[in-house]
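# Results of the structural survey
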Amino acid sequence: MITVQELQHKSIQEIIRILDVRVDGYASADLKKLAYALDVSALSYNFEALPRSGAKILCAFVTNEKGRSCIFYNADLSNEECRIIVTKAFARYILTGNKSFYITPSTTFSKQENRLVYELLMPEEEVYDVMHRLILPTTLNLANIFDVTQEFVRERLDEIRNSLPRMVGGYDF
């Protein structure tokens, strides 16, 4: 198991290398390998059953008194939304060491947290490679390839827009 302290203050590429969560021939990181490497469970949970006031909870990162951590993600999320939210929870945990937080639709993330999420789910080099192979890249095609939502694809393409090759002019974001 890898401790979060070993990862903090390292570059994003170094964090990904240490975690060894990349899968050969597949663009996105293996979240099961990530959970195993950090000794964190991820479970579906029905947050609607909890009495609450305020925003919808997308996920909660909880650590018990014995030090065991778990990400509880909202059972109402689609598979793609779940992958994004769980990855955001891992990014916050890795980069801040925070062992107790929740994520709502209005939760903001630092540039570094977003960058780690982007590189885990849609690595920049892989995005370029896939876009070169597609006849007409669309956010739907990219979302299906990387198993994320179209909104996440738009966000990621916006983030790397200036470095996209000039030949890619037909995508729909």
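All of the points below concern the structure found in this document. (Residues numbered from 1 in each chain as written. Predicted model: local features only at pLDDT ≥ 70, side-chain atom pairs only at ≥ 80, totals over all residues. Heavy atoms only, no water.)

What follows deals with the pairing of strand 3 (residues 69-74). The buried fraction of strand 3 amounts to five of the six residues, a majority that puts the element mostly inside the structure. As defined by bridge partners, strand 1 (residues 40-45) adjoins strand 3 across six bridges and the pair is classed as parallel. Looking across to strand 3, one finds that Leu43 is bridged to Phe72. Following strand 2 (residues 59-63), the chain reverses through five residues before pairing antiparallel with strand 3; Gly67 in that reversal takes a positive phi of roughly 90 degrees. (Buried < 20%, exposed > 50% of the residue type's maximum accessible area, 1.4 Å probe, protein only. Helix = DSSP H or I, 4+ residues; strand = E, 2+ residues; numbered from the N terminus. Pairing = 2+ DSSP bridges.)

Let's shift gears to the sheet that holds strand 1. What the four strands build is an open sheet, ordered 1-3-2-4; its pairing is mixed. The strands lining the two open edges of the sheet, one partner per strand, are strand 1 and strand 4 (101-103). Along the sheet, successive strands turn relative to each other by an average axial angle of 20 degrees, direction set aside. Across the sheet, helix 4 (residues 79-96) is in contact with strand 1, strand 2, strand 3 and strand 4; its angle to strand 4 comes to roughly 145 degrees. (Axes fitted to C-alpha atoms, helices over the stretch in contact; angles between N-to-C directions. Contact = heavy atoms within 4.5 Å.)

Next up on the list: the environment of Ile94. Secondary-structure assignment places Ile94 in helix 4. According to the relative accessible area criterion, Ile94 is buried, its value standing at 0%. Once the C-alpha coordinates of Ile94 and Ile71 are considered, the two residues, 23 residues apart in sequence, prove to be 13 Å apart. Setting aside its immediate chain neighbours within four residues, Ile94 contacts Val4, Leu7, Gln8, Ile15, Leu19, Leu34, Leu38 and Leu116.

A few words now on helix 7 (residues 139-146). Among all positions of helix 7, only Thr139, Leu142, Ala143 and Phe146 are buried. Along helix 7, the residues classed as buried sweep out an arc of 100 degrees about the axis, all on the same side. Looking at the buried side of helix 7, the elements it contacts are helix 4, helix 5 (111-121), helix 6 (124-133) and helix 8 (150-160). (Arc of directions from axis to C-beta.)

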